Amino acid sequence: MAVLVTGGAGYIGSHTAVALHDAGYKVVIVDNFVNSSPKAIEAVRALTSPGLAFVEADLLDSGAVRQLFAQHQIDEVIHFAAHKAVGESADQPLRYYRNNLGSTLGLVEAMAEHGVTKLVFSSSCTVYGQPATVPVTEAAPTGAESPYGWTKYMSEQILRDAAAVSDLDVVLLRYFNPVGAHESGTIGEDPNGIPNNLVPYVMQVAIGRLEKLRVFGDDYDTPDGTAIRDYIHVVDLAEGHVAALAALASMDGCPAVNLGTGVGSTVLDVVNAAADAVGSPIPHEIVERRLGDIEKIYADAALARDLLGWETRRDLTEMMRDHWNWQRKNPQGFAT
Ligand code: UD1
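Residues numbered from 1 in each chain as written. Predicted model: local features only at pLDDT ≥ 70, side-chain atom pairs only at ≥ 80, totals over all residues. Heavy atoms only, no water.

(A) Summary view of the pattern of salt bridges. One pass over the structure, following the stated rule, counts 14 salt bridges. A salt bridge links Arg289 to Asp219; the nearest nitrogen and oxygen atoms lie 2.9 Å apart. Of the two residues, Arg289 is situated in the loop between strand 13 (284–287) and helix 10 (302–308) and Asp219 in the loop between strand 8 (213–216) and strand 9 (228–229); the sequence distance between them amounts to 70 residues. Since its relative accessible area comes to 42%, Arg289 is described here as partly exposed. Measuring nitrogen to oxygen at the nearest pair gives 3.6 Å for the salt bridge that ties Arg229 to Asp293. Here the residue Arg229 occupies a position in strand 9, and Asp293 occupies one in the loop between strand 13 and helix 10, the gap between them amounting to 64 residues. When its relative accessible area of 24% is taken as the criterion, Asp293 is described as partly exposed. One continuous salt-bridge network, built from bridges that share partners, spans Asp236, Glu239, Arg313 and Arg314. (Salt bridge = Lys/Arg side-chain N within 4 Å of Asp/Glu carboxyl O. Helix = DSSP H or I, 4+ residues; strand = E, 2+ residues; numbered from the N terminus. Buried < 20%, exposed > 50% of the residue type's maximum accessible area, 1.4 Å probe, protein only.)

Listed below in C-alpha cells is the structure:
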C-alpha cells in the first residue's frame, strides 16, 4: 500500500511521512519546494529509508501529476501541499485561490482517473473563526476571515461535493496549532523570514535570532489576559493522519474531524513552558492586540477519539522540549 503525501517536505508532511513509514506504509512524497527544503527530504530518508520515493513536481502541472500516478502504485493520498500564510493570502488572494484550489482539483481528478478513492485532507480550525463556545465541535458554524481560510473552507466543500457523487472517501482533518518536532531534532518547522506564528518566534528569540517576543494583547477575557489556543505536538498530529488512513478503510462519506488536544493554553503559558525547556527566560513585552486575532479556541477532541481511535499523548512541556531541540540543533533551520 503506497500513500502519496503531497507537500511531504513541509513541516507537517515530513513528520507524517515518518509516522507512516513507522506504521508500515510505503510512502511517495511529492513537493515543489516552494516553501520547503530538499534537506527535509534527506532528513526524512535518514529517518526512514534511503529509497523513500520522492517526486519534485508542482500539483498545478496536470501532466506531472498524471505521470506521478502512472509511475507509482498509489493506493491512498494525504494532501498537505498548499500556501498557508494568512497575511500573504490577503495580499495575493488570486495566487492563493489558484494554488490551493487548483492543486486540490487536479489531484482529485487524477485520483479518479486512476481509481484511487481514499483521501485525507489538511484543513484547519481557522474555518471556525471565533467560535461561540469552546471547546469547539465539528458541528460549529464555519466560514473564513482570509483568502487562506477561504481556500480551506472551499476545499472542504469541493471534497464533500465530490465524495457525495463518487467513490471518493475523504477525511477532512481540522488542525489546531501544530508545534514541536520529531524527537531526533532532524526535521522541524522552518519558517521563511520572520515567523508569524508564536512558537517559531519564541524559539528564534531563545536562539538569539530575534530580540524579543511581542505578546499581542493581554486584555482578553482569559485567566492571564492573553489569547488561548490548542497547541498540538506535530508528532501527535502526524499519528492522527495514520489513524485517519486506517479509519478510511471502513468509512464512507466525508467527515470533518478536529485534531487537537482539547486543552487551551494562553500565550504566556507557552512563553513559560518555552522558558523551562530552554532554561532561561524568553524576553517579551506586551503590545496591542493583533488585527484579526481571535480570543480563544480549543478543540473538542471527542470525534477524533470515536471515529479515528486517536488522541494526543504529548503535553506542552514535551512540545517545547522537542521544538527547542530542533531549534538548538538547527539554529538556521534546514539552512544550518
Ligand atoms: C494563525 C493563523 C491561522 C493559521 C495558524 C497556523 C492568523 C490570524 N491566523 O493562527 O489561520 O491556521 O496560524 O498555525 O494569522 N502571538 C503573539 N506574538 C507573536 C505571534 C503570535 O503574541 O509574535 C499570539 C497570537 O496573538 C495568538 C497566539 O500567539 O494569540 C498564536 O498565534 P499564531 O501562532 O499566529 O496562531 P493563530 O493565531 O492561532
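(B) Examining the side chain of Thr6 more closely. Examined against the element boundaries, Thr6 turns out to sit in strand 1 (residues 2–6). Here His79 takes part through its side chain, which lies 2.7 Å from a polar atom of the side chain of Thr6. Within the local environment of Thr6, its side chain forms a polar contact with the backbone nitrogen of Ala81, the two atoms lying 3.1 Å apart. Residues in contact with Thr6, not counting those within four places in the same chain, are Val30, Leu59, Val77, Ile78, His79, Phe80, Ala81 and Leu107. (Polar contact = N/O pair within 3.5 Å; in protein donor to acceptor, adjacent residues only side chain to side chain. Contact = heavy atoms within 4.5 Å.)

(C) Examining the packing of helix 7 (residues 198–207) against helix 9 (residues 267–278) more closely. Between helix 7 and helix 9, the shortest axis-to-axis distance is 11 Å and the interhelical angle comes to 40°. Compared by their axis directions, helix 7 and helix 9 come out oblique. Note on packing geometry: the crossing formed by helix 7 with helix 9 is right-handed. Contacts from Leu198, Val199, Val202, Met203 and Ala206 in helix 7 reach Val267, Val270, Ala274 and Val278 in helix 9. (Axes fitted to C-alpha atoms, helices over the stretch in contact; angles between N-to-C directions. Parallel < 35°, antiparallel > 145°, perpendicular 65-115°, else oblique. Left-handed = near helix turned anticlockwise from the far one by under 90°.)

(D) Looking closely at the environment of Glu138. Tracing the chain through its elements places Glu138 in the loop between strand 5 (118–124) and helix 6 (147–164). For Glu138, a relative accessible area of 16% corresponds to the buried category. Sequence spacing of Glu138 and Asp300 is 162 residues, and the spatial spacing of their C-alpha atoms is 8.0 Å. Residues within four places of Glu138 in sequence aside, it is in contact with Tyr128, Arg174, Ala256, Val257, Asn258, Asp300 and Leu303. Among the polar contacts made by the side chain of Glu138, one reaches the main-chain amide nitrogen of Asn258 at a distance of 2.8 Å.

(E) Summary view of the site of the ligand. Looking at the ligand, there are 18 residues lining it, with Leu198, Arg214, Arg229, Arg290 and Asp293 nearest. The contact in question runs from an oxygen atom of the ligand to an N or O atom on the side chain of Thr126, over 3.3 Å. In the model, an oxygen atom of the ligand is placed 2.8 Å from a nitrogen or oxygen of the Arg290 side chain. Considered on its own, the ligand offers 730 Å² of accessible surface; in the complex 84% of this is hidden by protein. It is strand 8 that contributes the most residues to the shell around the ligand, 4 residues altogether. A per-class count over the shell around the ligand returns 9 nonpolar, 5 polar and 4 charged. (Near = heavy atom within 4 Å. Areas by Shrake-Rupley, 256 points an atom, 1.4 Å probe, with all protein chains shown as cover. Nonpolar A, V, L, I, M, F, W, Y, C, P; charged D, E, K, R; others polar.)

Treat this as a map of the structure, not an account of what it does.
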